Amino acid sequence: MSDDRARGLLARLTVQQKVALVCGTGMSRDFLGWGGRVPGAAGATLELPELGLPESVHADGPAGVRIAPTRDGDDRTFYATAFPVATALSCSWDVELLESVGRAMGEEALEYGVDFLLGPAMNIHRNPLTGRNFEYLSEDPLLSGRAAAALVRGIQSTGVAATIKHFAANNTETSRFVLDTVVSARALREIYLRGFEIAISEASPGAVMSAYNRINGQYASQSVDLLETILREDWGFEGIVMTDWFSGDSAVEQVVAGNDLLMPGTQGQLDELNGEIGRSLPMEALDRNVLRIIESVLATPFARGHNASEAPDLPAHAAVARRAGAEGTVLLANRDATLPLSPDDQRIAAFGNTSYDLISGGTGSGDVNEAYTVSLVEGLRAAGLDVDAEVEARYLAHLESERERIPERPWFLPQERPVELGLDQSLIEAKADESDTALITIGRLSGEFEDRKLDDDFLLADTEVDLIDRVSRAFHAVGKKVVVVLNIGNVIEMASWRDRVDAIVVPWQGGQEAGHAIADVLTGKTNPSGRLVTTIPIRYEDLAAARNFPGVESGEEVDQGWVPLPKGRPAVITYEEGIYVGYRYMDAFGVDPAYAFGFGLSYTTFEYRNASSPDAFAGDEIEVTVEIENVGETAGREVVQLYLAAPDGTLDKPPVELRGFGKTAELVPGQKEIVRLIVDRRSLMSFDESKNAWVADPGTYTVHLGSSSRDLHAMVTFELDHPFEMTVRPALPLRQPLEEIRP
Ligand code: BGC
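Residues numbered from 1 in each chain as written. Predicted model: local features only at pLDDT ≥ 70, side-chain atom pairs only at ≥ 80, totals over all residues. Heavy atoms only, no water.

Turning our eyes to something else, we now look at the domain arrangement of the chain. Interfaces are often described in size by the accessible area the parts lose on coming together. Taken as a whole, the chain is organised into domain 1 (4-298), domain 2 (314-541) and domain 3 (600-727). Taking only C-alpha atoms into account, the centre of domain 1 sits 33 Å from that of domain 3. A combined buried area of about 1,500 Å² lies between domain 1 and domain 3, and 55% of that area is made up of carbon and sulfur atoms. On the domain 1 side of the interface with domain 3, the three residues burying the most area are Trp93, Arg186 and Glu190, jointly 42% of the side's total. Where arginine 637 meets aspartate 94, a salt bridge forms, and the shortest distance between an N and an O atom there is 2.9 Å. Connecting domain 1 to domain 3 are eight residue pairs in polar contact (both at pLDDT 80 or more). Elements that contribute at least two residues to the side of domain 1 that touches domain 3 include exactly helix H5 (141-156), helix H6 (185-192) and helix H7 (194-203). Considering each element in turn, the side of domain 1 that touches domain 3 owes the most residues, four residues, to H6. In terms of residue class, the side of domain 1 that touches domain 3 is built from five nonpolar, two polar and eight charged. (Domains from an automatic or database assignment. Buried area = accessible area lost by both parts, 1.4 Å probe. Salt bridge = Lys/Arg side-chain N within 4 Å of Asp/Glu carboxyl O. Polar contact = N/O pair within 3.5 Å; in protein donor to acceptor, adjacent residues only side chain to side chain. Helix = DSSP H or I, 4+ residues; strand = E, 2+ residues; numbered from the N terminus. Nonpolar A, V, L, I, M, F, W, Y, C, P; charged D, E, K, R; others polar.)

Size it by volume and the largest pocket reaches roughly 1,400 Å³. Lining the largest pocket we find 44 residues, and of these Pro414, Gln415, Glu416, Arg417 and Leu445 sit closest to its centre. The set of elements that each furnish at least two residues to the lining of the largest pocket consists of helix H14 (389-405) and helix H16 (454-458). Considering each element in turn, the lining of the largest pocket owes the most residues, three residues, to H14. Residue classes in the lining of the largest pocket are distributed as 14 nonpolar, twelve polar and 18 charged. (1 Å grid on protein atoms, 1.4 Å probe; cavity = no way out; pocket = protein on both sides within 12 Å on 5 of 7 lines; lining within 4 Å. Points joined across faces, edges and corners; volume = space filled by probe spheres on them.)

Listed below in structure tokens is the structure:
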């Protein structure tokens, strides 16, 4: 029906209107003052009222709806909920929770009049220095894909379209508008595309955003292979593809490649397309894209008559954000049951700038204009803890003077981090006497355009090490405990200082309710059930991807378009590690992590029993079950992770790969639950470049069930008596052979 209507509309459009439809309506100089239906949204499509075609409004992003909080001449406010960053959300490993977060984001988008939410973002955590890792879900494609699918289902349950981004292999911010990602077909298929494929097959997102970077020499946004062959023909994607903002170097190639919508749309693109109609731009390609755009616009809530109330239920969504923040918190260390804080540990001395100025999320399009952020200290006080006022006063004064000192940077770049306060030794010692527990918060901020640095970012600053040292020594000297809270967007170095403290809690950047969520975990109101979604290495150099990040100069002039690329900047990054990303590398090459993928402590303990699976793989999938019992003394939830080890065959493979996971309900002490996990055909398959096919070798497969990639508790095996093979169309060729490392 809407198909006929869309075709009817297409037939009535002039060529100029078609061109104007495939280009967004532009972005004003002042992003936040953009004057469309929803001020502060990132872009929109053309409205054609005479044809009854409304505009569609596109707003960021992965941590909540990014719109302007205030409007000229209007007394009302339009705050949106800042949810925990994506890394924190996926650490919950809880697809139902993620669906409820998605639903809350979708409801906000709907009630503020946004039709396309520009999230979730789901690039792989390839290297901890990537500036936007906080927006992304995991180093593992299965977890990324399932987490993204859950968010998409939630968002789209409201009628708002989700946009998975950035498609694909966009794992670096340095030189982001031109960077050429050189990557093998196997690594692409197994690591960088697989999560997108899962999200599309499980949740049918309304849109995909193509990435800025090039892949093997060609812009992702201009690649027919990527956008038509793989995305639509192989995977059956039916939504629209939009570019990332100001990407690529040819509007014509983007349209021809099946990149339906060019965002945010520029005059230059309109001119280029209008000049090339019937020449390098075939009318069929334009019509195909216009039709898809019209169909997607007619399906929006606004086109279907929804009236945005502009009053979403913010208190209800804040409660969702708080729960997600607590469930995504990972407890990494807890010597002698330091946590939860007992009734005797109520007097807290809170050190570290971010105890008082908590970072709710990263910067750039992944940021949200929220009404407030609950600081750690506010959260602790609300939970009834007694926070030292003298230490607080020192920090507040220090932060005030740092704010005056730190030069303003543009809104989309991370501001310089305030220097840690060097407290007097006598004050620290006095507080060790007066308080029960020290909390030290370490914070990090990153965002678009820039990657993180090694010194003073991945590695702690000297002032931070000094703070940990002095506070730990003073508190330990009088028998008191020290808890470190990491208010970070992604991985930092921990191995060199972790033994000096008693507990390490990672709530990440937990959104606007972070202070409450952290207090929930510290007090034991929530038993931590978050697990790492990305390996924490002992040293940065222990990661294979450290060797080539953020790339090298190409030796050629690279035209970066709207942002100049200074000479000498990296223009090519070669993924020499192939599929050996994160735990796949560490496990295959015998490198020990500081904290393994999937790791996280609980205030209770679980036992794994009676694992079972059929003896042979038959049909399309088999079910593996395991009984989990809470054998500790506190109610809690366990994340059961299924890792598969394949028999020796033609391809080298990591020892184990995550092929399934599930989370128990909250189990009280003594309670059991049978967790059922599915292993499907694709879980057995790897990508064989020589055949251009997904293949599974026959033989014995071992299923390990455990609570991290290095902590496997139960094992079952099954046989595959014949090979599987699934050929795909050749796509995304490498220009030159690529030497990848092999275990
Ligand atoms: C980001 C996208 C975002 C877009 C619109 C770009 O800079 O890469 O993730 O959706 O801006 O704000």
